[in-house]
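Residues per chain are reported as follows:
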Amino acid sequence: MQASPSATGASPTAFQRRSQLYRRHLDLDAAFADYEGVLAVAAYADPRVERALAERLGLADLSTWPRSGCAGPNAPQWLADAGRQPPNRPNKAVAQEDGGLIARLSEQEFLILQGLEADPGLFAALQGNWPSDAAESVHPLPHADSHCWLALSGALASEALAKLCAVDLSSRSFGLCDVAQTSLARVNAIILRQDLGATPCFHILSDASSAEYLWDALVDAMREFGGAPVGLEALRTLKLRDRPSESFSPTERHPRIQPRKAP
Amino acid sequence: MAFGLLKYGFRKRYPAKPQFTPSGTTLKKRYDVVIIGAGAHGAGIAHELAKSHGIRNVALLDKGYLGGGNTARNTAVLRSNYLTEEGVAFYRQSLKLFQGLSNELNYNIMLENRGQLTLAHSDAAIRSFRWRAEVNQHLGVRSELVDRQTIRELVPQLNLSEDVRYPILAGLWHADAATARHDAIVWGYARSACEQGVELHQRTAVQAVEVTNGAVHAVKTNRGRIACGCVVQAVAGSSSIVAKMAGIRLPIHSYPLQAMVTQPYKPLLKPHVSSPHLHVYTHQTSRGEFVIGGGSDPYPRYGSRATLEQKEALSSAILQLLPFLAQAKVLRQWAGTTDMTPDYSPIMGLSPVRNYHLDAGWGTWGFKATPICAKTMAELVATGKPPELIQPFALERFYRFEQINEAGATAAGH
Amino acid sequence: MKLLNCPLNGPRNIAEFTYGGELRPMPDPAATDAQQWAEHLFFPDNGAGIVTEWWCHTATAYWFLAQRNTLTDEVIRTFPPSEVFKQGRKLAGKDGGEKS
């Protein structure tokens, strides 16, 4: 079931919960939308332009989108009992049936990301079920207020990230559902790869207090590749496509960028 | 002239009188005092022992060569704007002695009174500078808090733009600060000591210290055993290693500190400039080079290898202060080992081993303490009692939990 | 840049790590006098050669141990603390924890 924006043109200040980046979005004349109580940027420009951008290189702010986490010796079992599929080793993620992701950050720590098309309301069910008893050996780690959540999509996403991150995030060494916890533009970040259809996409979670800095650093790094911010709707449409649109070719618009030869 | 040069060139023997003990001089079986480490401190102690106390049967040993350790590697900043009463009193006295050192040694140490400007980039730093200025003035040291206009007048080259990550808000001006030629100080001291009968033995490494019944009575070197009445260790950068030979543990972590110099420029920067916040400090040497230093490495290590990361950090910080250095070429770069104590104060005086005296824990503040250290340590050797000025710096303070928290110790950190 | 091999995250730039001091046994608080505490707190070994020390990968706040030669700065090996500390500390729980 896909949640659709019920009220496009929503004003961020009318919501109790806003992204740390909402002033950046206002500056870009973003169209905000209300996704069942969650405020997010639907788009900044025409949907077709945004989709093309997202296929090439787009940056979306998902900071208000639901996420959570848990930790403790009993966390894997608890997640399995809750009907989720926890990854079996650290720095791996598993795509969930609802389209979300669960990443294992260490032996005993997990991060849960809500799928982009899932109903945000459904997440509340999990949130409401945390054990309150310490003897359960599992405790919640919400991640909602501590981290910002950005998604960098497009064929050139790993090229742009290479300017800011020492870990090789290209397809050769960083596959689907891989997780890297490292330094990105000199701030700590959790980077997860979950492609949207055929388009590579990296989820980035980083300290909320430096969200504006990281956003600006990423936008700056994307500029030479012709990348720009995109709304949630563009990512959602990508997910429905299983191959890139035929008109797209990285070299066509930017002669400086050569397609990489297959290894 | 040309004829004289030719004559000089054809001489069989080096015509000048050797300034130090000639190499190849055999070691005696016994010395009254053995000083381990022929740096500025060791040579200074030897000079003072001979001159002020008439103790001349002294061996000054070094595993390398004279002044080849941290004496050669420090960035030659002389200042006394410390924060604790003990620290200010000690370094103030040291600076006073530096003023008369060229005359005393009959050796030009090239002392230049430059002044030092320490920069504040935050309200917290301004508060701490005000505190330091008050303490300094109370103890007779010239320190004052200065505003941006005064900074502009003192150092017109500084980037006072507000459009940088850490704009300069205020400064601590320390008019007493100076610089001197580090090599000249150790050479002058050693020459004077040797003239008075002290023997300098280079390439003589101490390999073991003989301690019986809690007292030291000999050291073993690569050139044989030397019996002695007393040992002074003055080996900044290797303090823990040497003390361990005598069975003494020291409260020291050894970190590298890296520095570099640029190509020479015409004289354009008179004072020392330092920024604790940006972890960088600089001054222009009398040769015209900008010598640039910073904070210690992020983890302990022995050895003097420099790293690219620290050089990048130094460069990016100094370019915020003096953007014109973007064009400069780095001529030399190096690292020295700093023996950091938990309270940023030195360890001077008696040790748990009788007649084994410590001159250690000199972190980033050793060079500027040279003359006062020479005087006080020599007095300790001669009388067996630490002079009042260095009593607070005894090793024992760590067992009494009476550390001297010297927050004004380093140019890079508060 | 120098690389350090994190047992959890693999090889990473040394800038991602924080040095955490020598590995030293913790004295028994019940049988330790002031002098021994002072030695434990202030007097490190500061050895020249191969030492075992704590490091933290800051992006994950993961603490581990490394054997490093302090003369050459060569890292011999890195390993999880569970190799040394077989028994983890007990978490304050329903039965073991303090009642408030």
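Not measured: the values here are computed from a predicted model.

## Some points on the overall build of chain B
Line of reasoning, step 1. Looking only at helices and strands, one finds eleven helices and 18 strands in chain B.
Line of reasoning, step 2. Over its C-alpha atoms chain B spans a radius of gyration of 22 Å, differing by no more than 12% from the 22 Å that the globule rule assigns to 414 residues.
Line of reasoning, step 3. C-alpha extents for chain B along the principal axes are approximately 70 × 65 × 40 Å.
Line of reasoning, step 4. By residue count, 56% of the 414 residues in chain B fall in the buried class.
Line of reasoning, step 5. Nonlocal contacts in chain B, meaning residues at least 24 apart in sequence, comprise 76% of its contacts between residues at least 6 apart.
Line of reasoning, step 6. When the 45 basic and 31 acidic side-chain charges of chain B are each reduced to a single mean position, those positions are 10 Å apart.

## Observations regarding the sheet that holds strand 8 (residues 139-140) of chain A
Residues and elements named next belong to chain A.
Line of reasoning, step 1. The five strands lie next to each other as 5-6-7-4-8, forming an open sheet whose pairing is antiparallel. Every interior strand has two partners, whereas the edge strands, strand 5 (92-95) and strand 8, have only one.
Line of reasoning, step 2. Two elements, strand 6 (residues 101-106) and strand 7 (residues 109-113), share five bridges in a ladder whose sense is antiparallel. Bridge pairing links A103 to L111 in strand 7.

## A word on the confidence of the model for chain C
All names here are of chain C.
Line of reasoning, step 1. Per-residue confidence for chain C averages 88 on the pLDDT scale, and 87% of its residues sit at or above 70.
Line of reasoning, step 2. The secondary-structure element of chain C with the lowest mean pLDDT is helix 1 (residues 34-42), recorded at 94, while strand 4 (residues 50-57) shows the highest, at 98.
Line of reasoning, step 3. Overall, residues 90-100 carries pLDDT values under 50, and its contacts beyond four positions in sequence, including any with other chains, amount to four contacts.

## A look at the domain arrangement of chain B
Residue and element names in this part refer to chain B.
Line of reasoning, step 1. What the domain assignment lists for chain B is domain 1 (29-112 + 177-252 + 341-414) and domain 2 (113-176 + 254-340).
Line of reasoning, step 2. Taking only C-alpha atoms into account, the centre of domain 1 sits 26 Å from that of domain 2.
Line of reasoning, step 3. Taken together, the 45 residues of domain 1 in the interface contact 42 residues of domain 2.
Line of reasoning, step 4. Interface area, domain 1 with domain 2, both sides summed: about 3,300 Å², of which 55% is carbon and sulfur.
Line of reasoning, step 5. For the interface between domain 1 and domain 2, the tally reads one salt bridge.
Line of reasoning, step 6. The shortest N-O distance in the salt bridge between E112 and R114 comes to 3.1 Å.

## Side note on the interface of chain C and chain A
Line of reasoning, step 1. Taken residue by residue, the interface counts ten residues in chain C and 13 residues in chain A.
Line of reasoning, step 2. The largest contributions to the chain C side of the interface with chain A come from C:L8, C:R12 and C:A59, which together make up 43% of the buried area.
Line of reasoning, step 3. At the surface where chain C touches chain A, the tally comes to zero salt bridges.
Line of reasoning, step 4. Scanning the region where chain C abuts chain A turns up six residue pairs in polar contact (both at pLDDT 80 or more).
Line of reasoning, step 5. Split into classes, the residues belonging to the side of chain C that touches chain A amount to two nonpolar, five polar and three charged.

## A word on the arrangement of the chains
Line of reasoning, step 1. The interface with the most contacts, out of two pairs of chains in contact, is the one formed by chains B and C.
Line of reasoning, step 2. One finds no contact linking chain A with chain B; the least C-alpha distance across the pair is 13 Å.

## Focus on unusual backbone geometry
Residues and elements named next belong to chain B.
Line of reasoning, step 1. Backbone geometry at A76 places phi at a positive 55 degrees, although glycine is not the residue there.
Line of reasoning, step 2. Mapped onto the fold, A76 is located in the loop between helix 3 (70-73) and helix 4 (85-99).
Line of reasoning, step 3. For A76, a relative accessible area of 8% translates into the label buried.
Line of reasoning, step 4. Of note, N106 is a non-glycine position whose phi angle comes to about 50 degrees, a positive value.
Line of reasoning, step 5. By the element assignment, N106 lies in the loop between helix 5 (101-105) and strand 3 (112-113).

## Points about the packing of aromatic side chains
All names here are of chain B.
Line of reasoning, step 1. For the structure shown, the criterion picks out 21 aromatic pairs over all chains.
Line of reasoning, step 2. Here the aromatic rings of Y344 and W365 are separated by 6.1 Å at their centres, their planes lie at 55 degrees, and the arrangement is tilted. Here Y344 is found in the loop between strand 16 (330-340) and strand 17 (347-349), whereas its partner W365 is found in the loop between strand 18 (356-360) and helix 11 (370-383), with 21 residues between them in sequence.
Line of reasoning, step 3. Given the relative accessible area of 36%, Y344 is considered partly exposed.

## Observations regarding the nonpolar core
Line of reasoning, step 1. Ranked by size, the top nonpolar core spans 71 residues in total, and within it B:V33, B:I35, B:L49, B:F90, B:I185 and C:W55 carry the most contacts.
Line of reasoning, step 2. Residue assignment places this core across two domains, with domain 1 (29-112 + 177-252 + 341-414) and domain 2 (113-176 + 254-340) of chain B each supplying three or more.
Line of reasoning, step 3. Core analysis: the next-biggest nonpolar cluster, separate from the first, contains 37 residues, A:Y44, A:A157, A:A217 and A:V219 among them.

## Topic: a nonpolar patch on the surface
Line of reasoning, step 1. The grouping of B:L5, B:Y8 and B:Y14 at the surface amounts to a nonpolar patch, some 390 Å² of accessible area in total.
Line of reasoning, step 2. For B:Y8, the position within the fold is in helix 1 (residues 2-10).

## Overview of the environment of A:E159
Residues and elements named next belong to chain A.
Line of reasoning, step 1. Residue placement: E159 occurs in helix 5 (residues 157-162).
Line of reasoning, step 2. The class for E159 is partly exposed, based on a relative accessible area of 24%.
Line of reasoning, step 3. Between the C-alpha atoms of E159 and L57, which are 102 residues apart in sequence, the distance is 9.6 Å.

## Quick look at the interface of chain B and chain C
Line of reasoning, step 1. The interface is formed by 23 residues belonging to chain B together with 22 residues belonging to chain C.
Line of reasoning, step 2. Carbon and sulfur atoms supply 57% of the area buried between chain B and chain C, which totals about 2,100 Å² over both sides.
Line of reasoning, step 3. Interface area lost by chain B to chain C is led by B:R249, B:Y299 and B:Y399, which between them contribute 32%.
Line of reasoning, step 4. Taken together, the connections running from chain B to chain C amount to three salt bridges.
Line of reasoning, step 5. Among the salt bridges present, the one from C:E39 reaches B:R249, with a minimum N-O distance of 3.5 Å.
Line of reasoning, step 6. Put simply, chain B and chain C have eleven residue pairs in polar contact (both at pLDDT 80 or more) between them.
Line of reasoning, step 7. Counted by class, the side of chain B that touches chain C contains 14 nonpolar, four polar and five charged residues.

## Thoughts on helix 2 (residues 40-53) of chain B
Residues and elements named next belong to chain B.
Line of reasoning, step 1. Look at helix 2: 19 Å from first C-alpha to last across 14 residues, which is about the 20 Å you get at 1.5 Å a residue.
Line of reasoning, step 2. Here helix 2 lies mainly inside the structure; eleven of its 14 residues are buried.
Line of reasoning, step 3. Residues of helix 2 that are buried include every one of A40, H41, G42, A43, G44, I45, A46, H47, E48, L49 and A50, and no others.

## With respect to the environment of A:A82
Line of reasoning, step 1. You can see A:A82 is positioned in the loop between helix 3 (75-81) and strand 5.
Line of reasoning, step 2. Once the C-alpha coordinates of A:A82 and A:G58 are considered, the two residues, 24 residues apart in sequence, prove to be 34 Å apart.

## With respect to the pattern of salt bridges
Line of reasoning, step 1. One pass over the full model with this rule turns up 34 salt bridges over all chains.
Line of reasoning, step 2. In the salt-bridge network here, residues are joined through shared partners; they are B:D297, B:R301, C:K2, C:E53, C:R68 and C:D73.

## Some thoughts on the pairing of strand 3 (residues 58-61) of chain A
Residue and element names in this part refer to chain A.
Line of reasoning, step 1. Residues G58 and A60 point to one face of strand 3 and L59 and D61 to the other, with burial holding for every one of them.
Line of reasoning, step 2. One ladder, built from four bridges, connects strand 3 with strand 9 (residues 147-153); its direction is antiparallel. The residue bridging L59 from the neighbouring strand is L152, located in strand 9.
Line of reasoning, step 3. Relative to strand 13 (residues 228-229), strand 3 runs parallel, the two sharing two bridges. Looking at the pairing, G58 lines up with A228 of strand 13.

## Observations regarding the side chain of B:S240
Line of reasoning, step 1. Its location among the elements puts B:S240 in helix 9 (residues 239-245).
Line of reasoning, step 2. What makes B:S240 buried here is its relative accessible area of 5%.
Line of reasoning, step 3. At 2.8 Å, the side chain of B:S240 forms a polar contact with the side chain of C:N46.
Line of reasoning, step 4. Every residue in contact with B:S240, bar those within four places of it in the chain, is listed here: B:L250, B:I252, B:Y302 and C:N46.

About the criteria used
- Residues numbered from 1 in each chain as written.
- Chains lettered and ligands numbered in written order.
- Predicted model: local features only at pLDDT ≥ 70, side-chain atom pairs only at ≥ 80, totals over all residues.
- Heavy atoms only, no water.
- Helix = DSSP H or I, 4+ residues; strand = E, 2+ residues; numbered from the N terminus.
- Rg over C-alpha atoms; globule rule 2.2 N^0.38 Å.
- Buried < 20%, exposed > 50% of the residue type's maximum accessible area, 1.4 Å probe, protein only.
- Contact = heavy atoms within 4.5 Å.
- Lys, Arg positive; Asp, Glu negative; His and termini not counted.
- Charge placed at Lys NZ, Arg CZ, Asp CG, Glu CD.
- Pairing = 2+ DSSP bridges.
- pLDDT = per-residue confidence, 0-100.
- Domains from an automatic or database assignment.
- Buried area = accessible area lost by both parts, 1.4 Å probe.
- Salt bridge = Lys/Arg side-chain N within 4 Å of Asp/Glu carboxyl O.
- Polar contact = N/O pair within 3.5 Å; in protein donor to acceptor, adjacent residues only side chain to side chain.
- Nonpolar A, V, L, I, M, F, W, Y, C, P; charged D, E, K, R; others polar.
- Phe/Tyr/Trp six-rings, centres within 6.5 Å; stacked < 30°, edge-to-face > 60°.
- Core = buried A, V, L, I, M, F, W, Y, C linked by side-chain atoms within 4.5 Å.
- Patch = residues over 30% accessible without salt bridge, like charges linked within 9 Å, V, L, I, M, F, W, Y side chains within 5 Å.
- Areas by Shrake-Rupley, 256 points an atom, 1.4 Å probe, with all protein chains shown as cover.
- Expected span 1.5 Å × (residues − 1).

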